[in-house]
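# Breakdown of the fold
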Amino acid sequence: MKRNPQDVTLSSRRITRRALVLGGAQLGFGALLLGRMRHLQVDQADEFLLLAEENRIKVRLLAPARGLIHDRNGTLLAGNEQIYRVSMIREDADDVDRVITALRGLVRLDEEKLQRALREMDRRPHQSVTLADRLTWEELSTIAVNVPTLPGITPEVGLSRVYPLGQDYAHVVGYVGRVSERDIAEAETPDPLLQTPQFQIGKIGAERSLEGVLRGRAGSRRVEQNAAGRIMRELGRTPGQSGQDVQLTIDAGLQNFTQARLGTESASAVVMDVRNGDVLAAVSSPSYDPNLFVSGISVPDYASLRDNDHRPLHNKIVQGLYPPGSTFKMVTLLAAVEAGEISPGETVYCPGHTTVSNRRFHCWKRAGHGAVDLAKSLRESCDVYYYDLAQRAGIDRISAMARKLGLGKAFDLEMTSVSEGLVPDRDWKAERRGEAWVVGDSLNASIGQGFVLASPMQLAVMTARLASGLEVEPRLVRSVDGIARPSGVKGPLDIPRSQLELVRAAMYEVVNARGGTAGRSKFDLAGIKWSGKTGTSQVRNITAAERARGVFRNEDLPWNRRDHALFVGYAPHDDPKYAISVVVEHGGGGSAAAAPVARDIMLYALHGGMPPLEAYPSGQRGQMEELLSALPVNPGLNRGAGISEA
């Protein structure tokens, strides 16, 4: 059958029109694609290049080496050690449980630390968290070889804090720990370093107070990562700036001996240079090993410290506040002498008590001391004499003198939670108690009881001021990065020398005269003698019924109901160099529990090493030889090198 030529022509026209429409559409779409490609590749090339680089190149902060802490003679107290660890970024791990299981097959993981790390990863899935630290080189190498099968895992070499002398400096130097959310929230100007994985900052003590000095500045490194987030290579590195080194005023040998001499007692001791305020020893006992806290202390270890009734975590040096007892009597005496209310030869009769407002105030000596003058009042520590002075001088003068001698002030020390103590007066009681001051309050305050509270550091400052006649303040940091810190001497003390001499002479008799309360703690080191004052502060009320039948002896009471024992002193008497304060919690009497400890520590400071037996009275040498030889001192620190001068 033949086609109509007209139909063929019409069909050809339709095919041509359809082809033109389709071809035009295709050309238009192609032009659109070409335009879009040009826009992406030319117009937005820089933007996409930057995005690609950000995905491929990562900038990571490098934690600087923390500054070192030394004692006054260069002994290392806080340093850095190289450690091997393994960390994980949760969001880079395909299956966290599978990766942890595989890692367990390579190295031993501490379950408690692992669980803590997993909780931390839940909070911060995009940050690196340490799963195990202080690995051996072999363990690190094993992990490194298997890294391709462990997504999210990174073996690392880093620095960690170490305290070579352990418990000797727990309360002075303190310790570092991992940055917490609270640390970040408390930072005034957040440092990017705080977000660095495993970064450590000071938690207490000098480590915390000097954080800005010790931390240093971060460095950085540029690394290339593949699509899985694994580091392929390092592209560049900018070194950080290490923290500054710090030198403390502490003498490591004296500190170690003091720690050993206090033993297992709940106690504290402070030794100061009266000429410049340098703190040569500051010990709170019992102590603990700060290395336990660096990578996170275990629950059982922390519980054993927290639940100890001797409170090893408490810094008794500056946080411990105690009624100063009879060590406060020098304050009352100077207040009365300054006011012209008493003269050296004037006597007060002590029958064993005094009565004020129908209330009887007892002397520690039930039978009384008889006629008491100024020297005897301190030598035998007569309470009635000071009850009389309190009524003459008044609490305002006593409080003013206490502050002049350094009590009631929180000194600017590189320690945490420094207490200011309490020097009460009329205004304080009205404001805090809503009550008027009464005469009985003054009598209690005059012998360091009642509302009066002081720390061992404050008692050492008081003694240093009495001994030197200078307004001495404690100095704990000797230099930073080799630059010396100012001396702790502010100028002459605003107390006439003649009045200070009266008190010093009486303190000499406390130790060296017949009848002195610290007579058994005298010494004679190459003709050098010392002066001091004992103190006993009550921690319980003694009822009238108990006094009638006889007051319980301290040794017959439970430990926590016994009196605190105190002693303050300085040496040499005729050319003072060192002042000391010792507080033994629930130790009983100051003459029996605190003075002998203070004597041994002072002899070490003066001799520059273990106290020589010939410095002790002949009748005590056998006992002292046995005691000193049994002390757990560090022989590397006790070499008789002496205390370097400022």
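Everything that follows concerns the structure shown earlier in this document.
## Remarks on the pattern of salt bridges
- Within this structure, the stated rule accounts for 35 salt bridges.
- The salt bridge involving D383 is made with K329; its shortest N-O contact spans 2.7 Å. Residue D383 is located in helix α14 (residues 383-393), and its partner K329 is located in helix α12 (residues 329-338); the two are separated by 54 residues in the primary sequence.
- Among the residues examined, D383 registers a relative accessible area of 8% and is labelled buried.
- For K329, a relative accessible area of 0% translates into the label buried.
- The closest approach of N and O atoms between R392 and D388, which form a salt bridge, is 2.7 Å. Here R392 pairs with D388, and both are found in helix α14, just 4 residues apart, close to one helical turn.
- With relative accessibility at 25%, the residue R392 sits in the partly exposed group.
- Given a relative accessible area of 22%, D388 falls into the partly exposed group.
- What emerges from the salt-bridge pattern is a single network uniting R66, R161, E207, E211 and R215.

## Considering the side chain of N256
- Here N256 is to be found in helix α9 (residues 252-262).
- Here the side chain of N256 touches D168 through a polar contact of 2.9 Å, side chain to side chain.

## Quick look at the packing of α12 against helix α19 (residues 497-512)
- Taken N-terminus to C-terminus, the directions of α12 and α19 make an angle of 145 degrees; their axes are 10 Å apart at the nearest point. The way α12 lies across α19 gives a crossing that is right-handed. Residues M330, L333, L334, V337 and E338 of α12 pack against Q499, L500, L502, V503 and M507 of α19.

## What about the sheet that holds strand β22 (residues 564-571)?
- Strand order in the open sheet formed by 5 strands is β12-β11-β23-β22-β21, and the pairing between neighbours is antiparallel. Two strands close off the open sheet at either side, each with one partner strand: β12 (279-285) and β21 (531-537). Strand-to-strand twist in this sheet, taken as the mean axis angle between neighbours without regard to direction, amounts to 5 degrees.
- Relative to β12, strand β11 (residues 267-273) runs antiparallel, the two being bridged by 6 bridges. Residue pairing in the sheet places A269 in a bridge with V283 of β12.
- Relative to β12, α9 is tilted by about 30 degrees, and along the sheet it contacts β11 and β12.
- With respect to the sheet, α19 is in contact with β21 and β22, its orientation differing from that of β21 by roughly 75 degrees.

## A look at empty space enclosed by the protein
- Using the criterion set out here, one finds 3 cavities of 30 Å³ or more in the structure.
- In this model, the largest cavity occupies a volume close to 100 Å³.
- Contributing to the lining of the largest cavity are I83, R85, T130, D133, R134, L159, S160, R178, Q198, Q200, V294 and S295.
- Those elements that provide at least two residues to the lining of the largest cavity are β3 (76-89) and β5 (153-162).
- Lining the second largest cavity are K113, R116, A117, T130, L131, A132, D133 and R178.
- For the lining of the second largest cavity, the elements supplying multiple residues, two or more each, are α4 (111-123) and β4 (128-132).
- Grouping the constituent residues of the lining of the second largest cavity by class yields 3 nonpolar, 1 polar and 4 charged.

## Describing the packing of aromatic side chains
- Considering all chains together, one arrives at 11 aromatic pairs under this definition.
- Taking 6.1 Å as the distance between ring centres and 55 degrees as the angle between the ring planes, the aromatic pair formed by W437 and F451 counts as tilted. Residue W437 is located in the loop between α16 (426-432) and α17 (439-446), and its partner F451 is located in the loop between α17 and α18 (456-468); the two are separated by 14 residues in the primary sequence.
- Here the aromatic residues Y175, Y288 and F293 are joined through ring pairs into a cluster of three or more.

## Remarks on the state of the cysteines
- On inspection of all chains with the given rule, the structure shows 0 disulfides.
- C382 supplies the cysteine sulfur nearest to C350, a cysteine that is in no disulfide, at a spacing of 3.6 Å.
- On the accessibility criterion, C350 (1% relative accessible area) is buried.
- Sulfur of C363: no disulfide; nearest cysteine sulfur belongs to C350 and is 4.0 Å away.

## A few points about the environment of P324
- Along the chain, the position of P324 falls in the loop between α11 (299-306) and α12.
- By relative accessible area, P324 is classed as buried at 0%.
- In this structure P324 touches G448, V452, L453, A454, L459 and L566, once residues within four positions along its chain are discounted.

## Looking at α9
- For α9, a buried count of 11 out of 11 residues is recorded, marking the element as mostly surrounded by other parts of the structure.
- Within the span of α9, buried status applies to A252, G253, L254, Q255, N256, F257, T258, Q259, A260, R261 and L262.
- Its buried side turned inward, α9 meets β11, β12, α21 (590-607) and α22 (621-629).
- Residue D251 occupies the N-cap position of α9, its side-chain oxygen lying 3.3 Å from the main-chain nitrogen of G253.
- Of the residues trailing α9, G263 is marked for its positive phi of about 60 degrees.

## Focus: the pairing of β11
- In terms of burial, β11 is a largely internal element, 7 of the 7 residues being buried.
- Residues A267, A269, V271 and D273 point to one face of β11 and S268, V270 and M272 to the other, with burial holding for every one of them.
- Between the end of β11 and the start of β12, which pair antiparallel, lie 5 residues, with G277 showing a positive phi angle near 85 degrees.

## Brief notes about the nonpolar core
- Counting residues in each nonpolar core, the largest one holds 137 residues, and the members touching the most others are L248 and Y385.
- Here the element with the most residues in this core is α21; it accounts for 9 residues.
- Excluding anything up to four places from it in sequence, L248 contacts I69, H70, D71, R72, L77, V172, V173, L476, V477 and R478.
- In terms of nonpolar packing, the next biggest core, distinct from the first, is built from 22 residues, V86, V96, L103 and L140 among them.

Reading guide: rules and limits
- Residues numbered from 1 in each chain as written.
- Predicted model: local features only at pLDDT ≥ 70, side-chain atom pairs only at ≥ 80, totals over all residues.
- Heavy atoms only, no water.
- Salt bridge = Lys/Arg side-chain N within 4 Å of Asp/Glu carboxyl O.
- Helix = DSSP H or I, 4+ residues; strand = E, 2+ residues; numbered from the N terminus.
- Buried < 20%, exposed > 50% of the residue type's maximum accessible area, 1.4 Å probe, protein only.
- Polar contact = N/O pair within 3.5 Å; in protein donor to acceptor, adjacent residues only side chain to side chain.
- Axes fitted to C-alpha atoms, helices over the stretch in contact; angles between N-to-C directions.
- Left-handed = near helix turned anticlockwise from the far one by under 90°.
- Contact = heavy atoms within 4.5 Å.
- Pairing = 2+ DSSP bridges.
- 1 Å grid on protein atoms, 1.4 Å probe; cavity = no way out; pocket = protein on both sides within 12 Å on 5 of 7 lines; lining within 4 Å.
- Points joined across faces, edges and corners; volume = space filled by probe spheres on them.
- Nonpolar A, V, L, I, M, F, W, Y, C, P; charged D, E, K, R; others polar.
- Phe/Tyr/Trp six-rings, centres within 6.5 Å; stacked < 30°, edge-to-face > 60°.
- Disulfide = S-S within 2.5 Å.
- Core = buried A, V, L, I, M, F, W, Y, C linked by side-chain atoms within 4.5 Å.

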